[in-house]
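Below are the chains, spelled out letter by letter.
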Amino acid sequence: MKFINKLDYFLILGFISLPIILHLNEINLKQYEISTIIYLIVFQIIIALITLFFSLLICYTLLNKNFLSEVLISNFFIFYFLFFYKKINSFEIINSFNNFYYLLDNLLTFIIYLVIYSLVFYLLKKFNSITKIFFLNFIILNMIYGFYNMSPLKTFQIYNIETYDMENKIKLNTLKSQEKENPIDVYLIILDGMISLKKAENLDIIESETKTIKKLKDNGYNYNSSFKSNYPVTYASIQALLYSYYPITEKTPRYKNRLSFYPYVMTNKENYFYKMIDKLNMNFFWIGNKWGPCKGLKYGECFFNYSDKNTFISKLIFSSELFYADSIYSYFFNYLNKDVMITAFDFLRNSEYQTQKLLLKHNPNFFLVHVYKPHKPYNLDENCNDIAPIKVISNEIKYYKQNYNCALDTVLNWDKKFLNKNKDNIVIILGDHGWSFNHNATSENEFVISRNNDVFFSYKIPEKCNEIDIPNSHVNVMRFIFRCLKSSNPMYLKDIQYFIRYEDHKDYGTAVQITE
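Residues numbered from 1 in each chain as written. Predicted model: local features only at pLDDT ≥ 70, side-chain atom pairs only at ≥ 80, totals over all residues. Heavy atoms only, no water.

### Some remarks on the pairing of strand β3 (residues 283-287)
In summary, the side chains of a regular strand alternate between the two faces of the sheet. Keep this limit in mind: Per-residue accessibility, obtained with a 1.4 Å probe over protein chains only, is compared with the maximum for each type, and a residue is labelled buried under 20%, exposed over 50%, and partly exposed between these values. A run of DSSP states H or I qualifies as a helix once it reaches four residues; a run of E qualifies as a strand once it reaches two. Both are numbered from the N-terminal end. Here, a strand pair is defined by DSSP locating no fewer than two bridges between the strands.
Counting buried residues along β3, 5 of its 5 residues qualify, which places the element largely inside the surrounding structure. A two-sided burial pattern is seen for β3, the buried positions comprising Asn283, Phe285 and Ile287 on one face and Phe284 and Trp286 on the other. Two strands pair when backbone bridges link them, and β3 and strand β4 (residues 365-371) are joined in this way by 5 bridges, in the parallel orientation. Considered in β4, the bridge of Phe285 is made with Phe367.

Pasting the structure below:
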């Protein structure tokens, strides 16, 4: 393969690498592990090689080896531009065509891409040097912008929560395994963004708090209306849930990324949570979702999370999914996901007791099930059937309502099919935080308070645990479980709520205690 000059090589490599450089800004870098970035690069190279193959096929079969440079540069420019496919497709004027026919918006977007491709090819043919110089400057300026937005020195400072000496941390040597006679299985079912029944009734998401509590009781569950979240974001609230202490306070060092929090901390099989589970001598199973899939042995703790146990392929897909979210390539990922991952929601929908018989053996079991519902995407209809994610512009409550009721009904149906009724079980169904429907709120306090307060918490416990005080926040849930298992008798911590911010805020990495 011979190009007119070496500039062609640079332009092609630039269009391949530019999406990665622009994606790995300071905010995204704070959420990625090094291994995730490596998988992302590998997948990008694979797609680029496929593009190269078809480009050469076109040149050698249809164009008789002519216009090789023009075809390659045009194709790889479109390769880059396709990363913005869904953003272009979501423009209001384009999206409005979907009201006439569900494929018209995509057809119009395709025509726009075809026009742009034709224009680029024409410019390369007629004004070759000028067009290539324009592309060169475009790539260089975007690379400078991308590297500037990475802030790598700040981003890769990692706050190690495992070594930090937290107050009120449960001493591992105080934990013991259960008595062999009548051991208890534990199920932690986290429903992402699940608000309290009272708030759900006020927003007409459920018909009645009283009727829903009765439905829970009919299925053996009690309800705690006083439960609140310690933090307004998932990575902190689940960390407090699993570690049973406050991972972020005013006294802790400022963190620069999420890598020391859930779900990233779960890649370290020597972390504090795993050590507690080992002390309890329990089988551990983690069923995650696309945001936080199980990271471990596919025939061990991740058994229920994957239908395809091919570790490399599953990691490759889920490491790259966020990167391709706005691109046309995301449709390919959606197709692959069906064959690779069983999300926590699908686990609840489809699992039955016989699927676990051979796997769970004789030890008691601890299940961590993180369901990405009722959190958006809103991809369920009123009958809980899967639909294409709905682009919510207004009336979000309507679609949240469908996710909310489907999530609750699905858990209760799963209970009947999956749980071993011959054993005592601790089943806790809880939200990781609440939900805010006021996206135009001028006050950060309003957004945080709506996510810290009004959080769902329901539980089913053995009769012998009825005298134990029920926890009112995430930080005391594991402490309650230890008491019920008679593995330890830790004191409950004071239920404190913290104000923490997202990555794009100047105070990200710090916490402020919320006072009444």
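There is more to say after this.
### What about helix α12 (residues 234-243)?
Applied cut-off: Contact between two residues is taken to exist if any of their heavy atoms lie within 4.5 Å; hydrogens are not considered.
Counting buried positions along α12 yields 10 of 10 residues, so the element is predominantly enclosed. Where α12 is buried, its residues contact β1 (184-191), α13 (272-280), β4, β5 (424-431) and α20 (477-485). Trailing α12 by a residue or two, Ser244 shows a phi angle of about 60°, which is positive.

### Observations concerning the sheet that holds β3
Strand order in the open sheet formed by 6 strands is β2-β6-β5-β1-β4-β3, and the pairing between neighbours is mixed. The sheet terminates laterally at β2 (222-223) and β3, the two strands that pair on one side only. Bridging between β5 and strand β6 (residues 457-460) involves 4 bridges; their strand directions are antiparallel. Bridging across to β6, Val427 finds its partner in Lys460.

### Examining the nonpolar core
Generally speaking, nonpolar side chains in soluble globular proteins are found buried as a group. Convention followed: To form a nonpolar core, buried Ala, Val, Leu, Ile, Met, Phe, Trp, Tyr and Cys residues must be joined to one another through side-chain atoms within 4.5 Å.
Ranked by internal contacts, the top residues of the largest apolar core, which has 62 residues, are Leu188, Leu242, Met266, Phe273, Ile428 and Ile481. Secondary-structure elements contributing two or more residues to this core are β1, α12, α13, β3, β4, β5, β6 and α20. Contact partners of Ile481, with chain neighbours within four places excluded, come to Val186, Leu188, Ile426 and Ile428. In terms of nonpolar packing, the next biggest core, distinct from the first, is built from 41 residues, Leu11, Leu29, Ile78 and Ile139 among them.

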